[in-house]
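If you want the building blocks of each chain, they are given just below.
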Amino acid sequence: MEMRQYLIDTFAFNDRANRQVLAKLAELPEKDECIRLFSHLVNSQDKWLARIAQYPRDPGMSWWEPLYPLDALEREWSRSLGAWLEFLRGKEEGALFDAVQWVGFDGAHWTAPLKDIALQLNYHSIHHRAQMQSILRTQGLTPDFVDYIGTVYRRLD
């Protein structure tokens, strides 16, 4: 499998799993922390894309703001994810291994292969989704099964 397809598939997995968690958020008695974490996922995707596009200028965007209302999270997630998928689909396979540059939180200039930024976004999503799943459980809800293996295994009998 080519890296581009792998990244697109990984974004698709995270999309499905994040939407499952998002559907549960409405049932939470205390939603604020999960809304903050889910907004952060949207903002992180937006900020990384802006960092790449605007280099060497710092886009000056926050990782944590804006804080989206619950009824806007699905729309904002779809918009942000769609921008990344369009960006990746527009890249040739070899370009995913090219180094891109950005201005870091410390004002310094940094570089990494584009594929690693896309992977970071997906791994970061898994991290915060796990936090949200824990919050769901703490507040008395049963989280959905969102493990990757659940998307690829098949019963043999």
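It should be emphasised that the depicted structure is a prediction, and the values quoted were computed from it without experimental measurement.

(A) Representation of the layout of surface pockets. Put simply, the largest pocket is a space of about 180 Å³. In terms of lining, the largest pocket is formed by Met 1, Tyr 6, Asp 9, Thr 10, Ala 12, Phe 13, Arg 16, Tyr 123, Ile 126 and Tyr 148. Looking at the lining of the largest pocket, the elements with two or more residues in it are α1 (3-25) and α4 (114-138). It is α1 that provides the largest number of residues to the lining of the largest pocket, a total of six residues. Looking at side-chain class alone, the lining of the largest pocket contains seven nonpolar, one polar and two charged residues. Of the volumes computed, that of the second largest pocket is approximately 150 Å³. Lining the second largest pocket are Ser 44, Trp 48, Arg 51, Trp 63, Trp 102, Gly 104, Phe 105, Trp 110, Gln 120, Leu 121 and His 124. Partitioned by chemical class, the residues of the lining of the second largest pocket number six nonpolar, four polar and one charged.

(B) Here's a closer look at helix α3 (residues 70-89). Between its terminal C-alpha atoms α3 stretches 29 Å, which fits the 28 Å expected from 20 residues at 1.5 Å a residue. Inspection of α3 places Ala 72, Leu 73, Glu 76, Trp 77, Ser 80, Leu 81, Trp 84, Leu 85, Phe 87 and Leu 88 among the buried residues, and these make up the whole buried set. Next to the buried residues of α3 lie α1, α2 (32-54) and α4.

(C) Focus on the pattern of salt bridges. In total, this model carries eight salt bridges according to the counting rule given. Glu 33 is paired through a salt bridge with Arg 36; the nearest N and O atoms lie 2.9 Å apart. You can see Glu 33 and its partner Arg 36 sitting in helix α2, three residues apart, about one turn around the helix. Among the residues examined, Arg 36 registers a relative accessible area of 31% and is labelled partly exposed. Put simply, Asp 15, Arg 19 and Glu 74 are held in one network by salt bridges that share partners.

Thresholds applied
- Residues numbered from 1 in each chain as written.
- Predicted model: local features only at pLDDT ≥ 70, side-chain atom pairs only at ≥ 80, totals over all residues.
- Heavy atoms only, no water.
- 1 Å grid on protein atoms, 1.4 Å probe; cavity = no way out; pocket = protein on both sides within 12 Å on 5 of 7 lines; lining within 4 Å.
- Points joined across faces, edges and corners; volume = space filled by probe spheres on them.
- Helix = DSSP H or I, 4+ residues; strand = E, 2+ residues; numbered from the N terminus.
- Nonpolar A, V, L, I, M, F, W, Y, C, P; charged D, E, K, R; others polar.
- Expected span 1.5 Å × (residues − 1).
- Buried < 20%, exposed > 50% of the residue type's maximum accessible area, 1.4 Å probe, protein only.
- Contact = heavy atoms within 4.5 Å.
- Salt bridge = Lys/Arg side-chain N within 4 Å of Asp/Glu carboxyl O.

As far as function goes, none of this settles anything; it's purely spatial.
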